[in-house]
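Summary of structural features
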Amino acid sequence: MKELICIVCPNSCVLSVDEKTKAVSGNKCSRGEKFALEEISHPMRSLTSTVATVFADCPVISVKTDGEIPKEKILAVMQKLKTIIVEKRLKIGDIVVSNIADTNINVVATKNI
Amino acid sequence: MSKLKKITRKIKRKYPKIEVSEKDGCVRLCGELNNWDDIVAAGQMAVNQDFIGVLNDIKLKDFVEPKIKQSIINDKKYDGRNLDVLVIGGGVVGCAILRELTRYDLKVALVEKESDVACGASGRNDGAIHVGIDLHGKSKKLAYLMRANPLYEKLSEELDFKFIRTGQYIAFSSWKFLIGYLLLKSRAKHNGIHGMKFISGKKLKELSPNINPKTKFAFYYPSGGSVCPYGMTIAYADNAVSNGGEIWLDTCVTDMNVKDGKIVSVKTNRGEVYPKVVINAAGVYADKIAEMANDRFYTIHPRRGTNSILDKASVERYGNLSISMYGNAKKNAKLHTKGGGVVYTVDGNLLIGPDAVETPNREEIFTTADSINTVLNRQQDILPKLNGSDIITYFTGVRASTYEEDFVIQMGRKTENFVHAAGIQSPGLSAAPVIAQDVADLAVKYLQNSSPVTENQNFNPKRKGVTELRSLSLNKRDELIKKNPDYGEIVCRCEEISKGEIIDALNLPLKVDTVDGIKRRVRAGMGRCQGGFCQPRVLKIISELRNKEYCKIAKKGDGKIILGKTKGEE
Amino acid sequence: MRKERFDIAVIGGGPAGLAAASTATAKGAKVALIEREAILGGILKQCVHDGFGVIRYDQKLTGPEYAQKEIDNLNKYEVTKFLLTFVTKITKHSSDFVIQFVNRTGAGEIEAKKIILATGCRERTSKQIGIHGANPAGVLTAGTVQNYVNLQGLMPTRKCVILGSGDIGLIMARRLTLEGAKVVGVYEAKPTPGGLTRNVVQCLHDYDIPLHLSHTVTKVFGIDRLNAVEISEVDEKMKPIKGTEEIVECDSLILSVGLIPENEIAKQLAVPICPFTKGAVVDQTLMTLTDNVFSCGNALHVSDLADYVSESGETAGLYACKSQKTRNLVNVTKNKNLLYVVPQKINLDAPLSETVFYFRVMEEFENAKLTVFADDKPIFSKRYSHLRPPEMERLKLNISEYSDCHGISFDLEVGVL
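Residues numbered from 1 in each chain as written. Chains lettered and ligands numbered in written order. Predicted model: local features only at pLDDT ≥ 70, side-chain atom pairs only at ≥ 80, totals over all residues. Heavy atoms only, no water.

**What to know about the overall build of chain A**
A tally of helices and strands in chain A yields 2 helices and 10 strands. For chain A, whose C-alpha radius of gyration is 17 Å, the value lies well above the compact-globule estimate of 13 Å for 113 residues. With the principal axes as the frame, chain A shows a C-alpha extent of 55 × 25 × 15 Å. Counting the 113 residues in chain A, one finds 45% classified as buried. (Helix = DSSP H or I, 4+ residues; strand = E, 2+ residues; numbered from the N terminus. Rg over C-alpha atoms; globule rule 2.2 N^0.38 Å. Buried < 20%, exposed > 50% of the residue type's maximum accessible area, 1.4 Å probe, protein only.)

Encoded structure:
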């Protein structure tokens, strides 16, 4: 039996998962059940950060992964983002890095420069 | 000899292990004690008018005196420089002396170990311009204060620093003190203090609605006032630099070369310099400097004091009086402090404090919860509703007290080209303009023995600080902004300070580029949010104007704010 | 000097002001929006993390994306924007407010019939919580650190201690760790965390950052730059326990110890301030006790969700357009288990059918039951299994039936099964 806290919404339900039967309890919605099963097998996270630019009026631009990535890849993604320098005036949603760290997830801009 | 025996007996009765001797006309104490307060008490017992001063060399058991705080810079920037006068110490007295010296055609420089002037006691006091009612008739403190006090209207206009003649109230909680009215009146007359007025309890309550209801009456002295102490120091420094004086920041005196009763050279972390005269305005380190110059006849026993500043809304609650409770003064007579009080500052805040705590640490500028509470409790005597939540900031400074508790303003006794401006504690700030005049005169007279000293024909006593736009009329403000749009871009929201004013501060004659330096000059960072919103913006302005990378800009001294970048390099 | 006249002046261009200005303009009012920064969006510009807009847009947006949506909404309308403009003084002249301001073009004035204060909040400072030391570099509030990291790309720390477990502290613990700093720990004086539980999980647990409850920082070491802090355990009254001191080496102390509504302009207008929220006292239309002055967003009371901030901006914008002839005010009272309820007054002559209430509890409660009374009559009740001070609650009630009552009261019972 594994206990964990759901992070999908502010309710922060306390969930219990039976690792053998995959039965989930304590969730107030179906998203919680999905989260619990994922969390015990391959935890996923969305990541937000910033990336350097060449623009003096905007030294860094805020970015996010446009989906969830495996939790254990967070470090690799951050290392990759450290090396990026944006040279175009991007818009929200523009891709900054595609398929970052082999996750099949893109990193996109969340700000208009 | 018998005089020394008397002192020795007195001291040995309480501290049998302490050795008492005479050295160069001074009483010298040696040995070791477990407690700092005992060392101070022994020193106080050694004070005697038949001796020049007290050399208290008693060590504190298991205490290693911290090394002097100085910049990490180590170079030869000033190596080999010849000077007429070197002033050691960039407090209000040192800077004022430098400015007075620039009235003459002399090569003068001031060394200050911190990254700005007024970083010691001069920037950490309550800014009160004192009346002198509590001072001893024969003291140098009183003599200098009485000469200086009337000068402030003219001086503050000339040098463009903030000053208000607030008057000083001393409140009494019992009618028995009224007996002292005649005594105080005669003391006032004797000390040269005019205009003392009796204020009824009723009138006092009108002026300060939340004053302690037990207050029976007060005395009002019109000559009391308030300055911005670091503003005044900076003003003197700017004027000195404009008139040809040099100020070397981040420069600390490490040793001196004394030969045949004369200082030949002074060593610093930025080279060895060759002054004809050296002036000791080194605050808490004045006795160490005197020791280097082979001319020590006093000992500094540091005494720290903490002040708290209340938010501006407190003025509505408590009134705008500079006031203290008489009972406090009596309680603290032994501690050589007035017990502090409430000061109405030039910036429209109320300030409470200071307390007084003897300490072996010369640079103990750490605040403590105890000190804040001591000050709060004491001032609740006069304003019972005072609350910790009224406090927006606090700071600690260290007084440079000698055992004689008076100024030391004189030529060296053994070293002929050395001038002392030492033992400066309250009313040191108030007295600084006149101390500076006398000390500069001493230095010039000494130099005149060897060669004529001419007046600086280009000396301009006037100095313009940074214009504060928020207090101007809408039209005047509009006019200035149209000429310089930077004046319309507000950077510090709490104090309403514009980009233009910050740039003006960076362009003042004494150049600094620390965030605290800007804070002292235009108040950016001194308001409600204490720099939370404006610090990043101030940093940007400093970086652009000085063409310095962010990670090279400090809050103060060597304290950088930014340690690196998030992306790219490293 | 131009003295343009407006129906409504909105002071503040963050999410509250943006919503207020959009709503009012959509309803036909001539609106001036005054913002002290060069770009609209308020504090959201530096909140690069997501979680915004779950209620308002049914999406999990980052701060800048949420701000852009609000700005795009505003740009659908004709609003006179004053950017990089700072309000210096507001006074009342007969029926109009005169707003004095400065910006790079000069010092000027505009007139408006109504004011909406959307001035946000500021962070509690180190001095306000009694941090003692020599005032070295390295003591920063979390918002300032967020500005350096997320807007300037600068790192003010390599190894830090965070004091305060509110959401900002938790978010920054994760952010700094991702950018390569070592967060030694998050320390919290209270016995329970200050922020959302999911943030404790995804910001601290995910990164093995320890959370020390019932601890606080008592001293700061270092003169020019911080080099260590002293941590002490605290008792139930949050007073440090002597003998529990521990020195932690670090280069920064980052403070996340509370937000304070910014109401200097409200004070200038003598708007009465509620001692519990530190914001203006308002009725359900978000008009303060000073006629024609409205308040919304974090200036009114600090919210956890930007979505609620936008909602309050819309409410203020909506009602600022209406002509409210009379004010028949009754009190909204609360019992001791509630820290505050907003609005603190109900105007019985204004619309009552969709009255939104926000409230916070005094401490953590389980199995609570809220009953709302109109005079002595219970008109609504709801059970809550769990209520925490950091999690503000929202209620929408129809109280039009009780337009002749003498007061509304909120009664929270705890430990009710």
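**Some words on the interface of chain C and chain B**
Taken together, the contact between chain C and chain B spans 50 residues of the former and 48 residues of the latter. Between chain C and chain B the total buried area reaches about 4,500 Å² when both faces are included, carbon and sulfur atoms providing 56% of it. A per-residue breakdown of the area chain C buries against chain B is headed by R104, K127 and D224 of chain C, which together make up 15% of the total. Taken together, the links from chain C to chain B amount to 6 salt bridges. When the shortest N-O distance is used, the salt bridge between K69 of chain B and D224 of chain C registers 3.1 Å. Our count for the contact surface shared by chain C and chain B stands at 25 residue pairs in polar contact (both at pLDDT 80 or more). (Contact = heavy atoms within 4.5 Å. Buried area = accessible area lost by both parts, 1.4 Å probe. Salt bridge = Lys/Arg side-chain N within 4 Å of Asp/Glu carboxyl O. Polar contact = N/O pair within 3.5 Å; in protein donor to acceptor, adjacent residues only side chain to side chain.)

**Structural notes on a positive patch on the surface**
Judged by side-chain charge, K5, K6, R9, K10 and R13 of chain B come together as a positively charged surface patch. Judged by relative accessible area, which is 58%, K5 of chain B ranks as exposed. (Patch = residues over 30% accessible without salt bridge, like charges linked within 9 Å, V, L, I, M, F, W, Y side chains within 5 Å. Areas by Shrake-Rupley, 256 points an atom, 1.4 Å probe, with all protein chains shown as cover. Lys, Arg positive; Asp, Glu negative; His and termini not counted. Charge placed at Lys NZ, Arg CZ, Asp CG, Glu CD.)

**Points about empty space enclosed by the protein**
Summed over the entire model, instances satisfying the criterion amount to 3 cavities of 30 Å³ or more. Space inside the largest cavity adds up to approximately 410 Å³. Of the residues contributing to the lining of the largest cavity, the split by class is 11 nonpolar, 11 polar and 5 charged. In terms of residue class, the lining of the second largest cavity is made up of 5 nonpolar, 4 polar and 2 charged. (1 Å grid on protein atoms, 1.4 Å probe; cavity = no way out; pocket = protein on both sides within 12 Å on 5 of 7 lines; lining within 4 Å. Points joined across faces, edges and corners; volume = space filled by probe spheres on them. Nonpolar A, V, L, I, M, F, W, Y, C, P; charged D, E, K, R; others polar.)

**Observations concerning the pattern of salt bridges**
Enumeration over the complete set of coordinates arrives at 73 salt bridges over all chains. Note that E262 of chain C and R528 of chain B form a salt bridge whose closest N and O atoms lie 3.2 Å from each other. Placement of E262 of chain C in the loop between strand 19 (259-261) and helix 6 (264-268) and of R528 of chain B in the loop between helix 16 (515-522) and helix 17 (535-546) is noted, with the two residues assigned to different chains. In this structure R528 of chain B comes out as partly exposed when scored by relative accessible area, which is 23%. Through salt bridges with shared partners, a single network forms among K162, K312, D347, E468, R470, E495 and R523 of chain B.

**Examining the side chain of E496 of chain B**
As for its placement among the helices and strands, E496 of chain B is situated in the loop between strand 26 (490-492) and strand 27 (497-498). For E496 of chain B, the side chain forms a polar contact with the side chain of R477 of chain B, separated by 2.9 Å. Non-local contacts of E496 of chain B, meaning those with residues more than four positions away in its chain, are made with R470, R477, I490 and E501 of chain B together with F86 and T88 of chain C.

**Describing helix 2 (residues 63-74) of chain C**
In this model helix 2 of chain C runs 17 Å from its N-terminal to its C-terminal C-alpha over 12 residues, within 8% of the 16 Å that 1.5 Å per residue would give. Within the span of helix 2 of chain C, buried status applies to G63, P64, E65, Y66, A67, Q68, E70, I71 and L74 of chain C. (Expected span 1.5 Å × (residues − 1).)

**Let's talk about the side chain of N417 of chain B**
By secondary structure assignment, the location of N417 of chain B is in the loop between strand 24 (408-411) and strand 25 (418-422). N417 of chain B has contacts with K262, I263, P275, K276, V277, V278 and Y446 of chain B, leaving out every residue within four places of it along the chain.

**Focus on a nonpolar patch on the surface**
Taken together, W175, L178 and F198 of chain B make up a surface patch of nonpolar side chains, about 280 Å² in accessible area. Considering the arrangement of structural elements, one finds W175 of chain B in the loop between strand 10 (168-172) and helix 6 (180-191).

**Comments concerning the nonpolar core**
Ranked by internal contacts, the top residues of the largest apolar core, which has 54 residues, are I97, L101 and I279 of chain B. A total of 12 residues in this core trace back to one element, the largest contributor, which is helix 13 (residues 428-448) of chain B. Leave out the neighbours within four places in its chain, and L101 of chain B touches V85, V87, L106, V108, I279, A440, A443 and V444 of chain B. Among the nonpolar cores identified, the runner-up in size contains 53 residues, and I110, L117, V282 and Y319 of chain C belong to it. (Core = buried A, V, L, I, M, F, W, Y, C linked by side-chain atoms within 4.5 Å.)

**What about the domain arrangement of chain B?**
Residue and element names in this part refer to chain B. Under the domain assignment used here, chain B contains domain 1 (3-60), domain 2 (68-162 + 223-299 + 403-452), domain 3 (168-215 + 305-398) and domain 4 (469-560). Summarising the inter-unit geometry, the C-alpha centres of domain 2 and domain 3 are found 29 Å apart. Taken together, the contacts link 29 residues of domain 2 with 26 residues of domain 3. For the pairing of domain 2 and domain 3, the buried interface totals around 2,300 Å² over both sides, and the portion due to carbon and sulfur atoms is 55%. Counting across the interface, domain 2 meets domain 3 through 3 salt bridges. K162 is the partner of D347 in a salt bridge, and the nearest nitrogen-oxygen pair spans 2.8 Å. Connecting domain 2 to domain 3 are 11 residue pairs in polar contact (both at pLDDT 80 or more). Of all elements in the fold, only helix 4 (140-148), strand 13 (225-227) and helix 9 (286-292) reach the threshold of two or more residues within the side of domain 2 that touches domain 3. (Domains from an automatic or database assignment.)

**Remarks on the sheet that holds strand 23 (residues 345-347) of chain C**
Residue and element names in this part refer to chain C. Pairing within the open sheet is mixed, and its 5 strands lie in the order 23-21-28-25-26. Strands with a single pairing partner mark the edges of an open sheet, and in this sheet they are strand 23 and strand 26 (377-387). Mean inter-strand twist for the sheet, computed between neighbouring axes without regard to direction, equals 20°. In this sheet, strand 26 lies alongside strand 25 (residues 365-374) in antiparallel orientation, the contact comprising 9 bridges. Across the sheet, E366 pairs through a bridge with H386, a residue of strand 26. (Pairing = 2+ DSSP bridges. Axes fitted to C-alpha atoms, helices over the stretch in contact; angles between N-to-C directions.)

**Looking at the packing of helix 1 (residues 15-26) of chain C against helix 7 (residues 306-321) of chain C**
Residue and element names in this part refer to chain C. Closest axis-to-axis distance for the helix 1/helix 7 pair is 7 Å, and the angle between their directions is 35°. When the axes of helix 1 and helix 7 are compared, the crossing they make is right-handed. For the pair helix 1 and helix 7, the contacting residues are P15, A16, A19, A20, T23 and A24 in the first and V309, S310, G313, E314, G317, L318 and C321 in the second. Residue composition of the contact of helix 1 with helix 7, by class: 8 nonpolar, 4 polar and 1 charged. (Left-handed = near helix turned anticlockwise from the far one by under 90°.)

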